[in-house]
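Structural description and commentary
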Amino acid sequence: MLSAPWQTDGVLRRPVLAAVAALALASACSAESSPPEDTSHAHLTLPAGDGTTSSYVGYSLVRLSLPRRAGEPGTYSFGIEAFDGTPTTEFLEEQTKRMHVYVVREDLSVFRHVHPTMASNGTWSGRVTLPEGGRYRLVAEFTADDHGGLGDSVILGAWAHVGPPETLVQPATETALEAQIEITAGGELRVGPSEPSAPSLSIGVSARGEPAQLGTFLGTYAHVTGFNLKTGAVVHTHPLGAPVVEGDQTMLEFYTEFREPGHYELFVQVRVSGVLRTVPVTVHVA
């Protein structure tokens, strides 16, 4: 469990809000898109680990490397090893990818959701641009093929330092704030799984005061990745079914399963009018 990166003198470093959201200032994260597929699912069982440790249940995230300097495209790479130190190279596809990676600055001011490719020796790598220097955590979410079962779903995380940019970095794309994308979050969020008949989290999306036109990203209408502001624990969920227009918002419903209470920063990723937006929302889990 982490402490220092997420808390200072007993006071949360970032301001916390009630379980309603505000306008976001995050820019688009990725240009990836996928053909629509069945989106009426969610993570109904928790993966092993919460992204706060580099080793768990016999798997380890090793050899982490992040871009040397912020402000310019750079390479990130890592490997996944089994308990005996051998590379893990067989993975099952989840949400159209065999590996989902989240790169977050320790104060959560930077979030990236990226998808590396794997070399024959088990090394995963890709390119990412980080706008600010500092201490970053790379979180890897995957399902290793166990040859017979449903696979071993695991979330691991490790830390690395990125140097400051040589010059001031200008945003490359229009931000969600500039596009007047607004996200609201509601529901009764509690530790443990949602009731099977009652989704616990609702997300509303509007664009310039009108219901947002949502496309799909990696086969679903939204990805929500959250981080506990005190411990750094990671949660990840997807919506149930298709979006529904209610008033001036397009609504999505989610089942959730939180391991621990507290304030969480949720990074909501939605494709609005063809552009992928990443919007942070702070919620409280009782």
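Refer to the preceding data block for the structure.
These lines cover the structure that appears in this document, whether it is placed above or below. (Residues numbered from 1 in each chain as written. Predicted model: local features only at pLDDT ≥ 70, side-chain atom pairs only at ≥ 80, totals over all residues. Heavy atoms only, no water.)

With respect to the overall build of the protein
A tally of regular secondary structure across the protein gives zero helices and 24 strands. Residues classed as buried in the protein amount to 51% of the 286 residues present. Total accessible area on the protein is roughly 12700 Å²; 53% of this is exposed by carbon and sulfur atoms. (Helix = DSSP H or I, 4+ residues; strand = E, 2+ residues; numbered from the N terminus. Buried < 20%, exposed > 50% of the residue type's maximum accessible area, 1.4 Å probe, protein only. Areas by Shrake-Rupley, 256 points an atom, 1.4 Å probe, with all protein chains shown as cover.)

Remarks on the sheet that holds strand β5 (residues 74-81)
Within the open sheet, the five strands sit side by side as β3-β4-β5-β10-β9. Their pairing is antiparallel. Each edge of the open sheet is held by one strand with a lone partner, namely β3 (55-56) and β9 (117-118). Of the pairings in the sheet, the one linking β3 to strand β4 (residues 59-65) comprises two bridges and is antiparallel in character. Bridging from a neighbouring strand, Tyr56 pairs with Tyr59 of β4. (Pairing = 2+ DSSP bridges.)

Considering unusual backbone geometry
Glycine aside, negative phi is the norm for most residues, and most peptide bonds take the trans geometry. We note that Thr96 has phi near 70°; this positive angle belongs to a residue other than glycine. Take Thr96: it is sitting in the loop between β6 (91-92) and β7 (99-105). Here Ser273, not a glycine, exhibits a phi torsion of approximately 50°, which is positive. Inspection of the secondary structure puts Ser273 in the loop between β23 (262-272) and β24 (275-285).

Re the nonpolar core
Soluble, globular proteins show a tendency: their nonpolar side chains are buried together. One finds Ile183, Ile203, Val205, Val270 and Val272 to be the most contacted residues of the largest nonpolar core, which totals 27 residues. Those elements that place two or more of their residues in this core are β13 (181-186), β15 (201-207), β21 (249-254), β23 and β24. Considering every element that reaches this core, the biggest residue donor is β23, with five residues. Counting 26 residues, the second largest nonpolar core, distinct from the first, contains Val101, Trp124, Val154 and Ala158. (Core = buried A, V, L, I, M, F, W, Y, C linked by side-chain atoms within 4.5 Å.)

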